Amino acid sequence: MNDFLNMLMPNFEPLKGEFYECLYQTLIMIAVSGTIAWFLGVALGVTLVVTKRGGIRPHIMLFTCCDRAIDVIRSVPFIILMVLLIPLSRLIVGTGSGLTGSFVALVFGTVPFFSRQIEQVLSDVDSGLIEAAQAMGFSPWEIIFSVYLKESVPGITRVTMITFVSFVGITAIAGAIGAGGLGDFAIRYGYQMGYRDMIWLTVAVILVMISIFQFVGSVIIKKNTH
């Protein structure tokens, strides 16, 4: 078995220690930045739906500010956004480079895209349910959690799966410019040194990660669809 693996990936044995370290860095990016981005994206998506004209708590100024900020940040390519956010990253996490320095940029690069999808999912909730909740005297917070979010679990899960694929992609970009991770590994050894087997290994690991996440998401959707 080992001989077969060595034949498929002749460069893995001397590089496996660094590969595992880069895999760990990617998982940290996903766990830290991904979790923060998920909560902020849901919160921002809810804010957009609730404060828009005709929402349960309309606030046109707040809606406009959030809406314009999302459009502006989404229009900036991620690799440029990382550079622009270095001062903010230093202010928040104490560094603008490396694994820790990538967290802020990854969050800013993900939240606008994700919040737009959350906004669309929540906007598709049956307005009759909202009106019924208001007639029953539900508070805005109760409507948000008991109607909007509860009824949108399958949709939120679905757009989370879509965003996860994009998020893994930008972690690779972040790795290529100094944050470490699988992207950095693939660039240094797969591209610069010409170890094609290391590129295929990186792609295979990323595909496995995405497949596992999508499987879990599909289970959640199936259990919450009614």
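Before reading further, recall that the structure is shown in the block above.
Rules and cut-offs
- Residues numbered from 1 in each chain as written.
- Predicted model: local features only at pLDDT ≥ 70, side-chain atom pairs only at ≥ 80, totals over all residues.
- Heavy atoms only, no water.
- Helix = DSSP H or I, 4+ residues; strand = E, 2+ residues; numbered from the N terminus.
- Buried < 20%, exposed > 50% of the residue type's maximum accessible area, 1.4 Å probe, protein only.
- Contact = heavy atoms within 4.5 Å.
- Areas by Shrake-Rupley, 256 points an atom, 1.4 Å probe, with all protein chains shown as cover.
- Patch = residues over 30% accessible without salt bridge, like charges linked within 9 Å, V, L, I, M, F, W, Y side chains within 5 Å.
- Salt bridge = Lys/Arg side-chain N within 4 Å of Asp/Glu carboxyl O.
- Core = buried A, V, L, I, M, F, W, Y, C linked by side-chain atoms within 4.5 Å.

Asks: What is the right way to look at the overall build of the protein chain in this model?
Replies: On a plain count of helices and strands, the protein chain comes out with 11 helices and 0 strands. Scanning the protein chain from its N terminus toward the C terminus, one meets helices and strands in the order α-α-α-α-α-α-α-α-α-α-α. Its C-alpha atoms put the protein chain at 70 × 40 × 25 Å along the principal axes. Looking at the protein chain residue by residue over its 226 residues, the buried ones come to 42%. Counting contacts in the protein chain only where the partners sit at least 6 residues apart, residues at least 24 apart contribute 72% of the total. Approximately 12,500 Å² of the protein chain is accessible, and the part contributed by carbon and sulfur atoms is 67%.

Asks: Which parts of the structure should I look at to understand a nonpolar patch on the surface?
Replies: Taken together, Val208, Ile212, Phe215, Val216, Val219 and Ile220 make up a surface patch of nonpolar side chains, about 520 Å² in accessible area. Assignment of secondary structure puts isoleucine 212 in helix 11 (residues 196-224).

Asks: Explain the side chain of threonine 202 to me, please; I cannot follow it from the model alone.
Replies: Topologically, threonine 202 is positioned in helix 11. Discounting chain neighbours no more than four positions away, the residues touching threonine 202 are Leu182, Phe185 and Ala186.

Asks: Even after reading the chapter, I still don't get the environment of valine 219, so can you show me in this structure?
Replies: As for its placement among the helices and strands, valine 219 is situated in helix 11. A residue is classified by how much of its surface remains accessible, and valine 219, at 32% relative accessible area, is partly exposed. Once the C-alpha coordinates of valine 219 and proline 154 are considered, the two residues, 65 residues apart in sequence, prove to be 9.8 Å apart.

Asks: Looking at this structure, I do not really get the nonpolar core. What am I missing?
Replies: Generally speaking, nonpolar side chains in soluble globular proteins are found buried as a group. Formed by 28 residues in total, the largest nonpolar core has its most connected members in Phe19, Phe78, Leu106, Phe185, Met198, Leu201 and Val205. Per-element tally for this core: the top contributor is helix 2 (residues 12-51), with 7 residues. Once residues within four sequence positions are removed from consideration, leucine 106 is found in contact with Met29, Ser33, Phe78, Phe167, Ile170, Thr171 and Ala174.

Remember that the coordinates give geometry; whether it matters functionally is a separate question.
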